[in-house]
Amino acid sequence: MAASCSTSNTSGNNADCTSPSPTETIITESGDKRVPGTSSVVVVEPATGSSCQGETEDSGGAESSAGDEDNEEEGEGWGEEEEEGSVGEDDQVEDCALLAAATITPVKGTACSVSPVPATNEASVSRTWRKRKLEVQNGFPSKKLFPEDKTVALSLKKKTHEGCIPLEKVKVQRSVIPSKDNPPPEMNDWLYQFQVGRYSESRNAFFMNEKRPRKRWSNAERLLAIDQLIDTCEPTQVRHMMQVIEPQFQRDFISLLPKELALYVLSFLDPRDLLRAAQTCRSWRFLAEDNLLWREKCREAGIEEVRETVARKRQRGSASTVTSPWKAAFMRQHAIEMNWRIKPIRPPKVLKGHDDHVITCLQFSGNRIVSGSDDNTLKVWSATTGKCLRTLVGHTGGVWSSQMSGSIIISGSTDRTLKVWNAESGQCIHTLYGHTSTVRCMHLHGKKVVSGSRDATLRVWNIESGECLHVLVGHLAAVRCVQYDGRLVVSGAYDYMVKVWNAEREECLHTLQGHTNRVYSLQFDGLHVVSGSLDTSIRVWEVETGACRHTLMGHQSLTSGMELRNNILVSGNADSTVKVWDIVTGQCLQTLSGPNKHQSAVTCLQFNSRFVITSSDDGTVKLWDVQTGEFIRNLVALDSGGSGGVVWRIRANETKLVCAVGSRNGTEETKLLVLDFDVESK
């Protein structure tokens, strides 16, 4: 049944019920009728028995005339397509159909009629026409609004003249924006050719009809195609590629890995980066809190055990604040390091007790400080409170050497004796007789102590029984320094010699000759012997063969103090400089000098894996970076420095520094200064 629109009038003019938009297409049963420049399709489905009739015979002709004139005006925009278009004069519907606003699908039971446009108002007809054209264009569906159906039902509310029945529903078939579900047909072959594989039937919906096997591009061909495609893209398209591709590489691969592999990856991070990673998300924080992971970090930093106080605090902490005890230990050490480096130095505790005498030896272990003086006494101090706990009286001469282990203190004096003391009670347990001159040096290992004297001999003592076990004779002058590891004894003397002894057999294994002046300092790690002399040189010896491996030159005077850890030697010299050496290669790694160097002889030094602490006759204690050799800051600077004030001895542990200060001319009072860098004492 053909769908048509008819009018009944006396003049024979036909008028349609609506005015058309130039962008819509009229479809009848006899075939599609398309308006140039559009792909929109409009379907007319009149209800049974319904009809469209004009109201006056004049209005039909006027409307047709106005439509033709307006069509000429509007045709300027799409006239070229009209010449090639699918609508010719022979196929055109009557003027009334060309003026239809949209093809109508009436609701059942609804008749369609339209009021004629006044013949005399051509401008009004043109405005109405353009308005309806814009309504259709603005109603063009997007992918978001109508993804499932290409045919859209629009509810249009149009103004009509009096007597018209409103148009309710219009079905318009629209073209869809290209998408993955609706790609341009010509794209399928390109994608099929690009797809990975050799011969296979595509699983994509694009290729459901592609049954033929075709050879796909190789990897090199695909890369070439991508390069060519990128070269032809505009900046906006390249930016779109980046937005699509970048998220593919921004995956949380750590959370996707098994825990063991994730922890292995995190183990390569520095502690600082590990702490930052813990702030990324909850799963990363859980991994970054792993106790075994932080145990390895602590081991790398030289932290061998977790303090009991840290563990107790962890147990008392709430569930939300509980962390790995090894991590807590690492964080504590980091905070302490910052206290040493940059935080303000707290006022030191001042320990006075030796009057104006010189403090000749200093020991610091745990919470106990022991100072020996030429006033014939030793004093035991609390490092926490700064109080003098005991004064050890018994020697009849100045105390020049001492050692401490736990609650046991051993002292050597100019009275030619050694004494063993109980630090808790202050009682003298043993007095060790045997030397015939000043006991100038000693070294304690386990239950045995080896003493060196100006009588040129060494003696090995049992501190529990007070018995002299062995006497080592061989030096020709005063023994100035000694080291003992429980098996071998190494001694340096004023006879320019260094000797290696088997204490059990009282046998000299090697005499290390090479120095040309007095030997003042020694270090021994079981494999190497390092000796410092007044001849300005430092020599490195092999203990098993007695061969000299290196002669370290660079100092200009007496090497008064040395420390050796893990093949790294730090030496302090009377020339006011400090040097860091690698004893394996013999290379000088750092020289601690520059504008902030000491202004007088270096009297003592301490070092660990991070810092070197040095004291001097200039009345200062300086902190240096052992890795870079850079000066960090002054820890102590006496007001009398440079005019007689001296720092004689220093001893340090992880959190505290003890300095023995005084003067040679009475400008500085003899005392101990205790500086605290612990985080827990704040």
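Residues numbered from 1 in each chain as written. Predicted model: local features only at pLDDT ≥ 70, side-chain atom pairs only at ≥ 80, totals over all residues. Heavy atoms only, no water.

1. Quick notes on the overall build of the chain
Each helix and strand counted, the chain has 13 helices and 37 strands in total. Counting only residues that meet the buried cut, the chain has 44% of its 682 residues in that class. The long-range fraction of contacts in the chain, counting pairs at least 24 apart against all pairs at least 6 apart in sequence, stands at 48%. Accessible surface for the chain amounts to roughly 36,100 Å². Of this, 50% is attributable to carbon and sulfur atoms. (Helix = DSSP H or I, 4+ residues; strand = E, 2+ residues; numbered from the N terminus. Buried < 20%, exposed > 50% of the residue type's maximum accessible area, 1.4 Å probe, protein only. Contact = heavy atoms within 4.5 Å. Areas by Shrake-Rupley, 256 points an atom, 1.4 Å probe, with all protein chains shown as cover.)

2. Describing the packing of aromatic side chains
Tallied over the entire structure, the rule returns 6 aromatic pairs. Between Trp294 and Phe330 the ring centres are 5.5 Å apart and the planes differ by 50°, which places this aromatic pair in the tilted class. Taken together, the residues span a long stretch of sequence, with Trp294 in helix H11 (residues 291-300) and Phe330 in helix H13 (residues 325-341) at a distance of 36 residues. Here the aromatic residues Trp340, Phe611 and Phe677 are joined through ring pairs into a cluster of three or more. The ring of Tyr494 carries the charged tip of Arg518 above its face, separated from the ring centre by 4.3 Å. Residue placement shows Arg565 over the ring face of Phe607; its charged tip is 5.7 Å from the ring centre. (Phe/Tyr/Trp six-rings, centres within 6.5 Å; stacked < 30°, edge-to-face > 60°. Lys NZ or Arg CZ within 6 Å of the ring centre and 35° of its normal.)

3. A word on the state of the cysteines
The final tally for this structure, using the stated rule, is 0 disulfides. Cysteine Cys659 is unpaired, with the sulfur of Cys604 as its nearest cysteine sulfur at 9.5 Å. Taking the relative accessible area as the measure of exposure, Cys659 reaches 0% and is therefore buried. (Disulfide = S-S within 2.5 Å.)

4. Some thoughts on the pairing of strand S14 (residues 428-432)
Pairing of strand S13 (residues 418-422) with S14 involves 4 bridges; the strand directions are antiparallel. When the sheet's bridge partners are listed, Val420 is paired in S14 with His430. With antiparallel pairing between neighbouring strands as the criterion, S13 and S14 make up a hairpin whose turn holds 5 residues, including Gly426 at a positive phi of roughly 80°. (Pairing = 2+ DSSP bridges.)

5. Topic: the UniProt feature "repeat: WD" (unreviewed entry) in the chain
The residues that UniProt annotates with the feature "repeat: WD" (unreviewed entry) are residues 365-391, 392-431, 432-471, 472-511, 512-551, 552-591 and 595-634. Between the C-alpha atoms that bound residues 392-431 there is a distance of 13 Å. The span itself is 0% helix and 60% strand. Helix and strand shares over residues 472-511 are 0% and 60% respectively, and the end C-alpha atoms of the span are 13 Å apart. (UniProt positions renumbered as here; feature names shortened; annotations may be inferred.)

6. Considering a nonpolar patch on the surface
On the surface, a cluster of nonpolar side chains totalling about 590 Å² of accessible area is made up of Phe253, Leu257, Leu261, Tyr264, Val265 and Phe268. Considering each element in turn, the nonpolar patch owes the most residues, 3 residues, to helix H8 (residues 259-266). Following the sequence through the fold, Tyr264 ends up in helix H8. You can call Tyr264 exposed: its relative accessible area is 52%. (Patch = residues over 30% accessible without salt bridge, like charges linked within 9 Å, V, L, I, M, F, W, Y side chains within 5 Å. Salt bridge = Lys/Arg side-chain N within 4 Å of Asp/Glu carboxyl O.)

7. Quick notes on helix H4 (residues 185-194)
Turn by turn, an α-helix covers 3.6 residues, leaving residues three or four places apart pointing in a common direction. Within H4, burial applies to Asn188, Tyr192 and Gln193. Taken down its axis, H4 places every buried residue within 125° of arc, on the same side. (Arc of directions from axis to C-beta.)

8. Let's talk about the environment of Asp617
Examined against the element boundaries, Asp617 turns out to sit in the loop between strand S32 (611-616) and strand S33 (620-625). Asp617 sits 31 residues away from Trp648 along the chain, and the two C-alpha atoms are 7.3 Å apart. Here Asp617 is in contact with Ser600, Ala601, Thr603, Gly645, Val646 and Arg664, once residues within four sequence places are set aside.

9. Structural notes on the sheet that holds strand S37 (residues 671-676)
Strand order in the open sheet formed by 4 strands is S6-S37-S36-S35, and the pairing between neighbours is antiparallel. Two strands lie at the open edges of the sheet, namely strand S6 (349-351) and strand S35 (645-652), each paired on one side alone. The average undirected angle you get between the axes of adjacent strands in this sheet is 25°. As judged from the 6 bridges shared by strand S36 (residues 656-663) and S37, these two strands associate in the antiparallel manner. Bridge pairing in S37 places Lys656 opposite Asp676. (Axes fitted to C-alpha atoms, helices over the stretch in contact; angles between N-to-C directions.)

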